[in-house]
Amino acid sequence: DAGITQSPRHKVTETGTPVTLRCHQTENHRYMYWYRQDPGHGLRLIHYSYGVKDTDKGEVSDGYSVSRSKTEDFLLTLESATSSQTSVYFCAISTNAGGQETQYFGPGTRLLVL
Amino acid sequence: AQSVTQLDSQVPVFEEAPVELRCNYSSSVSVYLFWYVQYPNQGLQLLLKYLSGSTLVESINGFEAEFNKSQTSFHLRKPSVHISDTAEYFCAVSEIGGSQGNLIFGKGTKLSVKP
């Protein structure tokens, strides 16, 4: 499972509150990703990181920020949660062996914004 | 820009029947191709991938996919499905030499295997 854990696994929060999701990896991979999964949309990239303090935006980054202060942790923050951010959030890492990108996913976090 | 189309959102099939889940992609450059499987209430698991070499790739549980460059397709097949294959299957593509944030997913196909 590539040593990826996500916390919390489930969260219910109210509109307007800040929320932080954590992704932790044990294998020192350089690349980490945050996706959201919604019915009928598949997975969409929110943000990704290519090293400590190095991040970039994905397809659906509005309303989200990320931080990576250590190789093993990649945090996703919803500064002020909205109901449209109710989703399942997946973290992934890329083994990127020889430049060939293969991504492996964590177990997911179910977020409900009321 | 690259894109992935999974032509069927749901595929019902009886146990032991063959199945094909279709995937077409659009890209102006060469690509890597992937199939992921998601069992109910779980994360995505890599099922198989095409990076280079033989255009026919196989998984350990009997699935296979064939890269067809001329038709820009990467259809997933299994000659005889089991109840345990019930899951959602996602096709994904990334451009060779592209940025690390460019793994694009299709919208998924739900395979339902009935007894």
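Note that the coordinates shown come from a computational prediction; the quantities given were computed from them, not determined experimentally.

**Some points on the packing of aromatic side chains**
Summed over all chains, the structure comprises 13 aromatic pairs over all chains. Judged by centre distance (6.0 Å) and plane angle (20°), the ring pair of A:Tyr33 and A:Tyr48 falls under stacked. With A:Tyr33 in strand 4 (residues 31-38) and A:Tyr48 in strand 5 (residues 42-51), this residue pair connects regions lying 15 residues apart in the sequence. Across this residue pair, the class does not change: A:Tyr33 and A:Tyr48 are buried. Seen in terms of ring centroids, A:Tyr35 and A:Phe105 are 5.5 Å apart; in terms of plane orientation they differ by 45°. Their pairing is tilted. Of this pair, A:Tyr35 sits in strand 4 while A:Phe105 sits in strand 10 (residues 103-105); the two residues are 70 residues apart in sequence, bridging distant segments of the chain. Accessibility assignment for this pair places A:Tyr35 and A:Phe105 in one class, buried. Site record: aromatic cluster; members linked through ring pairs are A:Tyr33, A:Tyr35, A:Tyr48, A:Tyr50, A:Phe105, B:Phe34, B:Tyr36 and B:Phe105.

**Observations concerning a nonpolar patch on the surface**
On the surface, a cluster of nonpolar side chains totalling about 290 Å² of accessible area is made up of A:Val12, A:Leu112 and A:Leu114. As for its position among the elements, A:Leu114 is in the segment after strand 11 (109-113).

**What about the interface of chain B and chain A?**
Every contact between the two is made by 20 residues of chain B and, on the other side, 23 residues of chain A. Interface area, chain B with chain A, both sides summed: about 1700 Å², of which 52% is carbon and sulfur. Where chain B meets chain A, there are four residue pairs in polar contact (both at pLDDT 80 or more). Every element with two or more residues in the side of chain B that touches chain A is listed here: strand 5 (31-38) and strand 6 (44-50) of chain B. The leading source of residues in the side of chain B that touches chain A is strand 5 of chain B, at four residues. Of the residues belonging to the side of chain B that touches chain A, the class tally is nine nonpolar, nine polar and two charged.

**Examining the environment of B:Ala17**
Residues and elements named next belong to chain B. The residue Ala 17 is located in the loop between strand 2 (10-14) and strand 3 (19-21) in this model. Given a relative accessible area of 21%, Ala 17 falls into the partly exposed group. It is 20 Å that separates the C-alpha atoms of Ala 17 and Trp 35, two residues lying 18 residues apart in sequence. In contact with Ala 17, not counting residues within four places along its chain, are Lys 78, Pro 79, Ser 80 and Val 81.

**Section: the side chain of A:Asp73**
All names here are of chain A. Here Asp 73 is to be found in strand 8 (residues 73-78). On the basis of relative accessibility, which here comes to 8%, the residue Asp 73 falls in the buried class. Within the structure, the side chain of Asp 73 is placed 3.1 Å from the side chain of Arg 22, a separation counted as a polar contact. The residues touching Asp 73, leaving out its near neighbours within four places in the chain, are Arg 22, Cys 23, His 24, Ser 67 and Arg 68.

**Comments concerning the pairing of strand 1 (residues 3-6) of chain B**
Residues and elements named next belong to chain B. Across the two faces of strand 1 the burial differs, with Val 4 and Gln 6 buried and Ser 3 and Thr 5 not buried at all. In this sheet, strand 4 (residues 23-26) lies alongside strand 1 in antiparallel orientation, the contact comprising four bridges. If you follow Gln 6 over to strand 4, its bridge partner there is Cys 23.

**Side note on the layout of surface pockets**
In this structure, the largest pocket occupies an estimated 970 Å³ of space. Around the largest pocket, the lining comprises 47 residues; the ones closest to its centre are A:Gln37, A:Asp38, A:Gly42, B:Phe90 and B:Lys107. Breaking the lining of the largest pocket down by element, the ones donating at least two residues are strand 4, strand 5 and strand 9 (87-94) of chain A together with strand 1, strand 10 (87-95), strand 11 (104-105) and strand 12 (109-114) of chain B. Among the residues forming the lining of the largest pocket, the class breakdown is 17 nonpolar, 21 polar and nine charged. Looking at the second largest pocket, the residues that line it are B:Tyr25, B:Ser27, B:Val29, B:Ser30, B:Val31, B:Tyr50, B:Phe67, B:Lys69, B:Thr72 and B:Ile96.

Reading the values: rules and limits
- Residues numbered from 1 in each chain as written.
- Chains lettered and ligands numbered in written order.
- Predicted model: local features only at pLDDT ≥ 70, side-chain atom pairs only at ≥ 80, totals over all residues.
- Heavy atoms only, no water.
- Phe/Tyr/Trp six-rings, centres within 6.5 Å; stacked < 30°, edge-to-face > 60°.
- Helix = DSSP H or I, 4+ residues; strand = E, 2+ residues; numbered from the N terminus.
- Buried < 20%, exposed > 50% of the residue type's maximum accessible area, 1.4 Å probe, protein only.
- Patch = residues over 30% accessible without salt bridge, like charges linked within 9 Å, V, L, I, M, F, W, Y side chains within 5 Å.
- Areas by Shrake-Rupley, 256 points an atom, 1.4 Å probe, with all protein chains shown as cover.
- Salt bridge = Lys/Arg side-chain N within 4 Å of Asp/Glu carboxyl O.
- Contact = heavy atoms within 4.5 Å.
- Buried area = accessible area lost by both parts, 1.4 Å probe.
- Polar contact = N/O pair within 3.5 Å; in protein donor to acceptor, adjacent residues only side chain to side chain.
- Nonpolar A, V, L, I, M, F, W, Y, C, P; charged D, E, K, R; others polar.
- Pairing = 2+ DSSP bridges.
- 1 Å grid on protein atoms, 1.4 Å probe; cavity = no way out; pocket = protein on both sides within 12 Å on 5 of 7 lines; lining within 4 Å.
- Points joined across faces, edges and corners; volume = space filled by probe spheres on them.

These figures come from the coordinates and say nothing about function on their own.
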